[in-house]
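A closer look at the structure
Listed here are the chains, written in short residue letters.
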Amino acid sequence: MHRAMELARLGFGYVSPNPMVGCVIVHNNKIIGEGFHRQFGGPHAEVNAINSVDDKSLLPASQVYVTLEPCSFFGKTPPCADLLVKHKVGSVFIANIDPNPKVSGKGIGILRKAGIEVEEGILEIEGRGLNKRFFTSFGKKRPYVILKWAQTADGYVARKNFDSKWISNKYSRKIVHKWRAEEDAILVGKNTAMYDNPNLNVREWAGNNPVRIVVDHHLRLGEHLNLFNREIPTICYNLKQDRQNGDLDFVKLSREDFLNELLADLHQRNIQSVMIEGGTVTINSFVEKGLWDEARVFVADTCFGEGIMAPRLMHAEFEGKETIMGDTLTYFKRNDIG
Ligand code: AOF
Ligand code: ZN
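Presented here is an overview of the structure given in this document. (Residues numbered from 1 in each chain as written. Chains lettered and ligands numbered in written order. Predicted model: local features only at pLDDT ≥ 70, side-chain atom pairs only at ≥ 80, totals over all residues. Heavy atoms only, no water.)

1. Section: the packing of aromatic side chains
Using the criterion set out here, one finds seven aromatic pairs in the structure. Seen in terms of ring centroids, Tyr-65 and Phe-93 are 4.9 Å apart; in terms of plane orientation they differ by 15 degrees. Their pairing is stacked. Of this pair, Tyr-65 sits in strand S3 (residues 63-68) while Phe-93 is found in strand S4 (residues 91-96), placing the two residues 28 residues apart along the sequence. Each member of the aromatic cluster is reached from another via a ring pair, and the members are Phe-134, Phe-135 and Phe-138. The cationic tip of Arg-128 hangs over the ring face of Phe-135; the distance from NZ or CZ to the ring centre is 4.5 Å. In this structure, Arg-243 packs its charged tip against the face of Phe-250, placed 4.3 Å from the ring centre. (Phe/Tyr/Trp six-rings, centres within 6.5 Å; stacked < 30°, edge-to-face > 60°. Helix = DSSP H or I, 4+ residues; strand = E, 2+ residues; numbered from the N terminus. Lys NZ or Arg CZ within 6 Å of the ring centre and 35° of its normal.)

2. So, the pairing of strand S10 (residues 234-238)
In terms of burial, S10 is largely enclosed, as five of its five residues are buried. In S10, alternate side chains face the same way, and those of Thr-234, Cys-236 and Asn-238 on one face and Ile-235 and Tyr-237 on the other are all buried. In this sheet, S10 lies alongside strand S9 (residues 211-215) in parallel orientation, the contact comprising four bridges. Counterpart to Val-214 in the pairing with S10 is Cys-236. Inspection of the sheet shows S10 paired to strand S12 (residues 248-252) by five bridges, in the parallel sense. (Buried < 20%, exposed > 50% of the residue type's maximum accessible area, 1.4 Å probe, protein only. Pairing = 2+ DSSP bridges.)

3. Let's talk about the coordination of the zinc ion (ligand 2)
Only His-44 (ND1), Cys-71 (SG) and Cys-80 (SG) from the protein reach the zinc ion (ligand 2) as donors, at distances of 1.9 to 2.2 Å. Note that the zinc ion (ligand 2) binds four donor atoms; their angles at the metal cover 99 to 117 degrees, and the shape is tetrahedral. Along the chain, the residues that donate to the zinc ion (ligand 2) are spaced as H-x26-C-x8-C. Placement of the pair is His-44 in the loop between strand S2 (30-36) and helix H2 (45-51) and Cys-71 in the loop between S3 and helix H3 (80-86), with a sequence separation of 27 residues. (Donors = N, O, S within 2.8 Å, 3.2 Å for Na, K, Ca; no water. Tetrahedral: all angles 85-135°; square planar, octahedral: opposite > 155°, others 65-115°.)

4. A few points about the environment of Ala-114
Relative to the helices and strands, Ala-114 resides in the loop between helix H4 (106-113) and strand S5 (117-120). Judged by its relative accessible area of 42%, Ala-114 falls in the partly exposed class. As a C-alpha pair, Ala-114 and Ile-146 span 32 residues in sequence and 42 Å in three-dimensional space.

5. So, the site of ligand 1
Near ligand 1 there are 18 residues, and of these His-44, Ala-45, Glu-46, Lys-76 and Asp-98 occur at the shortest range. Note that an oxygen atom of ligand 1 is positioned 2.8 Å from one of the side-chain N or O atoms of His-44. Ala-45 is positioned with one of its backbone polar atoms (N or O) 2.8 Å from an oxygen atom of ligand 1. Relative to its unbound accessible area of 520 Å², ligand 1 is 95% covered by the protein chains. Looking at the shell around ligand 1 residue by residue, the class counts come to eight nonpolar, six polar and four charged. (Near = heavy atom within 4 Å. Polar contact = N/O pair within 3.5 Å; in protein donor to acceptor, adjacent residues only side chain to side chain. Areas by Shrake-Rupley, 256 points an atom, 1.4 Å probe, with all protein chains shown as cover. Nonpolar A, V, L, I, M, F, W, Y, C, P; charged D, E, K, R; others polar.)

6. Brief notes about the sheet that holds S3
As summarised here, the arrangement of the five strands in space is S2-S1-S3-S4-S5, forming an open sheet in which the pairing is mixed. In this open sheet, the two strands that pair with only one neighbour each are S2 and S5. Between one strand and the next, the sheet's axes are offset by a mean angle of 15 degrees, whatever the strand orientation. As paired elements, strand S1 (residues 22-27) and S2 share six bridges and run antiparallel to each other. Within S2, the residue paired with Gly-22 across the bridge is Phe-36. Sheet strands touched by H4: S4 and S5. Its angle to S5, the strand with the most contacts, is close to 150 degrees. (Axes fitted to C-alpha atoms, helices over the stretch in contact; angles between N-to-C directions. Contact = heavy atoms within 4.5 Å.)

7. Side note on the nonpolar core
Counting residues in each nonpolar core, the largest one holds 31 residues, and the members touching the most others are Leu-147, Ile-213, Tyr-237, Leu-262, Leu-266 and Val-274. When residues of this core are traced back to their parent elements, those giving at least two are strand S6 (144-151), strand S8 (185-189), S9, S10, helix H9 (258-268), strand S13 (273-276), helix H10 (280-288) and strand S14 (294-299). No other element matches the five residues that H9 contributes to this core. Apart from the residues lying within four places of it in its own chain, the contact partners of Leu-266 are Pro-143, Ile-213, Ile-235, Tyr-237, Ile-271 and Val-274. (Core = buried A, V, L, I, M, F, W, Y, C linked by side-chain atoms within 4.5 Å.)

8. Brief notes about unusual backbone geometry
Excluding glycine, residues mostly carry a negative phi; peptide bonds, for their part, are mostly trans. Along the chain, Ser-16 connects to Pro-17 via a cis peptide bond; the corresponding omega equals 5 degrees. Note that Pro-17 resides in the loop between helix H1 (2-9) and S1. With an omega dihedral of -5 degrees, the bond running from Gly-278 to Gly-279 counts as a cis peptide bond. With respect to the helices, strands and loops of the structure, Gly-279 is situated in the loop between S13 and H10. We note that Asn-29 has phi near 65 degrees; this positive angle belongs to a residue other than glycine.

9. Describing H4
Those residues of H4 lying buried are Gly-107, Ile-108 and Leu-111. Buried residues of H4 fall within an arc of 95 degrees about the axis and therefore sit on the same side. Of the surrounding elements, those touching the buried residues of H4 are H3, S4 and S5. Once H4 ends, the next one or two residues include Gly-115, with phi positive near 85 degrees. (Arc of directions from axis to C-beta.)

Spatial relationships are all this shows, so hold off on functional conclusions.
Spelled out as structure tokens, the structure:
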């Protein structure tokens, strides 16, 4: 199952809104087939694993290890549970039950009805971690929210004039581009859009561009900004108007429930994760509503002395720390009890 998880992860950044899934087929304690879900719309892990087995006559005496319950419905691809039944595999070991209501136990039902022995819950916690975006989407009906910022050692994210250049080093910035390619969407507030004029694309890493999102309550941002260049689908959430303009979407939300409505709208669009890249006001607004799951904070060794204060987390639990050529990167997760 560890190997199946390792394979699943190879699909990271390419399969959303589908989950990452890996599959390993074992005969007489030897791996005879492996596969993973490589691409949204493409074959599932089980199909690729079965196809990789040279001698299919070994399958009835083989064990299948798959990180997610085999599917039971015709989506973009036919049901994997039927495929495993057709090949009369010996037994199936599963990490997680598929939270998708179209499956959710029905895949296991098909296998058991065909007389195949099934055991689920193997490395269940690891599997939930692997697909935390997918599980959050089905469980909370909102995308998985990652907060990210870089601050100076004395706690500032920008100078008084909003200049935020050169806080984290170039290696840290490269990691941020890798992270962008891993998420479905990336969000900034009005001030960050205005003062930094970011492109919010993936330049320093190979991968897909996330959908760009900007919060601009009163539509104060000028359309000359890089965010509005229409090179990437972009959504501007505001209090004023609904307007669709090619790949640029303006969506009006209510003042009272702005962030919940924003996340509900992203959920409707099948967006399973969003990285909030600033600034402080925007990040703090998500923190105050408890609408975040994970935070990644770079602390550089420089000091500004004064400036715009960094965001403040609440109910945060330390998860880990690493050093990136002088920058310290700390990971937190939201403590759900809080
Ligand atoms: C599996 N194995 O490798 C994956 C599964 O539209 P489709 O046909 O690609 O189906 C997508 C759904 O199938 C997805 O929402 C999830 O419930 C399940 N994903 N199932 O047996 C896989 N990726
Ligand atoms: Zn499937």
